[in-house]
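Residue-level listing of the chains:
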Amino acid sequence: MQVIVVGAGVVGCAIAYELAARGAAVRVIDPRGSGQGATRASAGMLAPYIEGHSAALLQLGVAGLDQYERFIGRVSADARRSIEYRRTGTLQVARTDEEARALERHGRALADSGVTATMLDQGELSRSEPALTTEARAALLIPPHGYVRVAALMEALVGAGVNRGVQLVVARARRIAHLNGRAAVETAEATLDADAVVLAAGSWSGGIPVDTAPSPPVRPVRGQILQLRLPQPPLSRIVWGSGGYMVPWEDGSVLVGSTAEEVGFDESVTADGVRRLLERAERLVPALGGAVFEGARAGLRPASTDELPIIGPSKGMPGVFYATGHYRNGVLLAPLTASLVADLVLGGGERPELQLVRPDRFGL
Ligand code: GLY
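Procedures and definitions
Residues numbered from 1 in each chain as written. Predicted model: local features only at pLDDT ≥ 70, side-chain atom pairs only at ≥ 80, totals over all residues. Heavy atoms only, no water. Salt bridge = Lys/Arg side-chain N within 4 Å of Asp/Glu carboxyl O. Helix = DSSP H or I, 4+ residues; strand = E, 2+ residues; numbered from the N terminus. Buried < 20%, exposed > 50% of the residue type's maximum accessible area, 1.4 Å probe, protein only. Axes fitted to C-alpha atoms, helices over the stretch in contact; angles between N-to-C directions. Parallel < 35°, antiparallel > 145°, perpendicular 65-115°, else oblique. Left-handed = near helix turned anticlockwise from the far one by under 90°. Contact = heavy atoms within 4.5 Å. Nonpolar A, V, L, I, M, F, W, Y, C, P; charged D, E, K, R; others polar. 1 Å grid on protein atoms, 1.4 Å probe; cavity = no way out; pocket = protein on both sides within 12 Å on 5 of 7 lines; lining within 4 Å. Points joined across faces, edges and corners; volume = space filled by probe spheres on them. Pairing = 2+ DSSP bridges. Near = heavy atom within 4 Å. Polar contact = N/O pair within 3.5 Å; in protein donor to acceptor, adjacent residues only side chain to side chain. Areas by Shrake-Rupley, 256 points an atom, 1.4 Å probe, with all protein chains shown as cover. Core = buried A, V, L, I, M, F, W, Y, C linked by side-chain atoms within 4.5 Å.

Chemist: Before we move on, can you summarise the pattern of salt bridges with the specific residues and values?
Modeler: Inspection of every chain in the model, using the stated rule, returns 27 salt bridges. Residues D251 and R149 are paired through a salt bridge, measuring 3.7 Å at the closest nitrogen-oxygen approach. With a gap of 102 residues between them, D251 in the loop between β16 (244-248) and β17 (253-257) and R149 in the loop between β8 (146-148) and α6 (150-163) connect regions that are remote in the sequence. By relative accessible area, D251 is classed as partly exposed at 37%. On the basis of relative accessible area, R149 is assigned to the partly exposed category, the value being 24%. Counted as one network, the salt bridges with shared partners bring together E18, R22, R74 and D343.

If you want it as structure tokens, here you go:
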């Protein structure tokens, strides 16, 4: 079985790896190489009980998190590389009584659904996270959450894919069509055909026409993040608060996210974005005011109109599949998406999660 994946972000590369691991001959096409788009500015958080803003997204996110450990193990072994991946848990910080009450309600709802989540009072919080602002009055601890270092994951995914025979083609896909009864991708240089084509081009998916089908309703939402570094990690867990989050790596780096900006296809890092993120970081962890500034990145998250991914077969184009629209959860949902798509492409049946993300809800 020959497959072409259009888009070499975390979703496209995870799909390519999964298909190749199951025996397919896979090419991945992207004009900018791997790990661009939304992937390059992702903080790698795995936090469905915070970011699952709808019942459907929560169900997908929890299914995605369940697969993570095993996926990291497989990719790491196939790539022969380690990947920084830790289930540190998250702390959602309250500065006011009202915020604390809202977190208590969230914690009770999680407990009702069988997820252990614990409220920490001010004393417990300052003992466990002494670098946090003293204005933090309470926090909700959700232990199963964690993060993966995305650049390390991408290097490993590409390496594992290459070791399984995946080819990366640096070219811009212009159109997906049929050629002699096979699915095909037109680029400026050539038309490449295969048994199946998977459109996983994130925010750019809408600009790659799939023959006569409507374009997937995906728009870019820019996110900027900062990378700061202290000599020692100032936090032991991911912290959410003041409208954003901080992800502490083992080496003392801290990712500070993020913005959500409707600015079209503008991938710039802006002075205003950096200023707002620096203010947020210092407000939550005052010592970050003295941190080394390691950089800032911007990426375009692909948001569909209902903020759920679009995964599944094209209605009118046999052999063509969509895997796009992952918005704020591409890293979390990449392993799940890869297994859903590999099942479909290789005829392994349909998992129940597919009902939540079907392309035909948009007439695709
Ligand atoms: N998932 C984190 C973000 O979108 O900023």
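Chemist: Talk me through the packing of helix α1 (residues 10-21) against helix α8 (residues 330-345); I want residue IDs and the actual numbers.
Modeler: As a packed pair, α1 and α8 sit with axes 8 Å apart at the nearest point and diverge in direction by 40°. Relative to α8, the element α1 lies oblique. Of the two elements, α1 crosses α8, and the hand of that crossing is right-handed. Between α1 and α8, the residues in contact are V10, V11, A14, I15, E18 and L19 and G330, V331, A334, T337, A338, S339, V341, A342 and V345, respectively. Here the residues of the contact of α1 with α8 are counted per class, giving eleven nonpolar, three polar and one charged.

Chemist: Mind laying out empty space enclosed by the protein, listing which residues take part and the relevant values?
Modeler: Going through the model one piece at a time under the given rule, you end up with three cavities of 30 Å³ or more. Computed from the structure, the largest cavity encloses a volume of approximately 90 Å³. In terms of lining residues, the largest cavity is bounded by C13, A16, V28, S34, L157, V158, G161, V162, V166, Q167 and L168. For the lining of the largest cavity, the secondary-structure elements that each account for two or more residues are α1, α6 and β9 (167-169). No other element matches the four residues that α6 contributes to the lining of the largest cavity. Partitioning the lining of the largest cavity into residue classes produces eight nonpolar, three polar and no charged. Counted as a void, the second largest cavity has a volume near 30 Å³.

Chemist: Let's hear about the sheet that holds β8: which residues, and what values?
Modeler: Hydrogen bonding along the main chain pairs the strands of a sheet, whether they run parallel or antiparallel. Read across the sheet, three strands follow the order β3-β8-β4 without closing on themselves; strand pairing throughout is antiparallel. Edge positions in the sheet fall to β3 (45-46) and β4 (85-86), since each of these pairs with one other strand and no more. Across two bridges, β3 lies against β8 in antiparallel orientation. In the sheet register, M45 faces β8, and the bridge partner there is Y147.

Chemist: Describe in detail the site of the ligand, supporting the description with residues and values.
Modeler: Residues in close proximity to the ligand include M45, E51, Y245, S258, R301 and R328, which together make up its full environment. Between a nitrogen atom of the ligand and a side-chain N or O atom of E51, the distance comes to 2.9 Å. One of the side-chain N or O atoms of R301 is found 2.8 Å from an oxygen atom in the ligand. Here the ligand has 200 Å² of accessible area as a free molecule, and 89% of this is covered by the chains. Here the shell around the ligand is composed, by residue class, of two nonpolar, one polar and three charged.

Chemist: Before we move on, can you summarise the nonpolar core with the specific residues and values?
Modeler: If you look at the biggest cluster of nonpolar residues, it comprises 56 residues, and the most contacted ones within it are V5, I15, L153 and L157. Those elements that place two or more of their residues in this core are β1 (2-6), α1, β2 (25-29), α3 (55-79), α6, β13 (196-199), β20 (320-324) and α8. No other element matches α8, which puts eleven residues into this core. Apart from residues no more than four positions distant in its own chain, L153 is found in contact with V10, Y68, F71, I72, I83, V148 and V331.

Chemist: Give a description of the layout of surface pockets that names residues and reports values.
Modeler: Reported here for the second largest pocket is a volume of approximately 180 Å³. Lining the second largest pocket are 13 residues; nearest its centre among them are R40, V150, A151, W249 and R297.

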